[in-house]
Amino acid sequence: MLFILDEAEGKVNTIIPEQEQKYKQNRNKKIVKYDKNNKTGTKKEQKRLTLGSKVWFNSVRAIKHLSICLTKCQRDHGTKNGGMIMEVTQQIKNGIKLAVCSSGGGHAGGSLSVSDILASLYGTVMKYDSSNPEWEGRDRLILSKGHSGIALYAALAASGFIPFEELASFGAAGSRLMNHPDAHLVPGVEMCTGSLGHGLSLAVGMALAGQMKGQEYFTYCILGDSECCEGSVWEAAMYACQKKLKRLVVIIDQNGIGCDGPLEQMVQMEPFGSKWSSFGFKVEETNGHDADEMNQLFLRLREERNGPYAVIAHTIKGHGLIREVEGTGASHYISGTSEALNEMFAF
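J.: Residue-level account of the pattern of salt bridges, with values.
T.: Inspection of the entire model under this criterion finds eight salt bridges. Note that Arg-302 is salt-bridged to Asp-139, the shortest N-O span being 2.8 Å. With Arg-302 in helix α10 (residues 291-304) and Asp-139 in the loop between α5 (115-125) and β5 (140-143), the pair connects residues that are 163 residues apart, well separated along the chain. For the pair formed by Arg-302 and Asp-139, the shared burial category is buried. The partner of Asp-253 in a salt bridge is Lys-145, and the shortest N-O contact between them spans 2.6 Å. You can see Asp-253 sitting in strand β7 (residues 248-254) and its partner Lys-145 sitting in the loop between β5 and α6 (149-158), a full 108 residues away along the chain. Relative accessible area serves as the criterion here: at 3%, Lys-145 is assigned to the buried category. Within this structure, Glu-284, Arg-300 and Glu-304 form a network of salt bridges that share partners.

J.: Before we move on, can you summarise the sheet that holds strand β10 (residues 282-287) with the specific residues and values?
T.: The strand order across the open sheet built from five strands is β5-β6-β7-β11-β10, with neighbouring strands paired in parallel fashion. Only two strands of the sheet have a single partner each, and these edge strands are β5 and β10. Pairs of neighbouring strands in the sheet enclose a mean axial angle of 20 degrees, with direction left out of account. Both β7 and strand β11 (residues 309-314) contribute to a ladder of six bridges, which runs parallel. In the sheet register, Gln-254 faces β11, and the bridge partner there is His-314. Packing of helix α9 (residues 272-279) onto the sheet brings it into contact with β6 (219-224), β7, β10 and β11, and relative to β7 it is tilted by some 160 degrees.

Definitions and limits used
- Residues numbered from 1 in each chain as written.
- Predicted model: local features only at pLDDT ≥ 70, side-chain atom pairs only at ≥ 80, totals over all residues.
- Heavy atoms only, no water.
- Salt bridge = Lys/Arg side-chain N within 4 Å of Asp/Glu carboxyl O.
- Helix = DSSP H or I, 4+ residues; strand = E, 2+ residues; numbered from the N terminus.
- Buried < 20%, exposed > 50% of the residue type's maximum accessible area, 1.4 Å probe, protein only.
- Pairing = 2+ DSSP bridges.
- Axes fitted to C-alpha atoms, helices over the stretch in contact; angles between N-to-C directions.
- Contact = heavy atoms within 4.5 Å.

Okay, here's the thing in structure tokens:
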């Protein structure tokens, strides 16, 4: 099936296979294609938008949401080297909304709490080449809290690794964008995550490999605060300090809410920063929803190159959802019809 974004009408049109040949013979209609190989984001006319045989949309409503988000994101999706024209944060949030509304549900709470962190990393801080995901000199990012994979997919789409419109296939049969990220299927994903507590161990290994080889890339690992109840996190933390991994940055998404409610009701994590510093980490704290503050912090750490660092990012679970859901355990996983889900987002 063929999907076309009509620039004039601002909507997605569907062409069934029987009509496709006729369409190919008559390309006078002006449409816009998001071209992942087009780093400048220039609009192209008389091109068709093909989503591939393995991508399905769950409803007509999903198509509607796709058209809205695509219209908002027709500007540059290139990396910082090509200049970010549209704010990366909003691109990522639009992508999360598109994926959740299209699939009928998803881990919106934790995805929205890390959205600004990912925007800072992909929009300003990290070195990468979306046209060459395996570039040896790239910075590595491990999203250890893999259930927030929607946010990672949206960040990868905003950075040119995958087409933005593919986010609408999230969770669908045959899609490569499943609930937990698969490094074998999705370019830019460094590790299959989802089983909590294992991401930091691999990040430590990546950082150690780079240090032993004399390479200059940084390794970033995003943990959830509830995830830090896992003993394997602290085993990896001990080893990171033992090896003095100068280019390792651990970022803890401290939203204070687990899947069952407030973290403090289940386990006492405070004094949280002192735990990391007692292992030998240099601890920093930041507002996890202030991109400028995070940019300055992360860039300073790159200049210092004297880690390992633990950055505690104070965030709000479900940041951007309606007031009744934002900052509550109810935001952890939301589900419903496309219409109902759309109403849960405040943006």
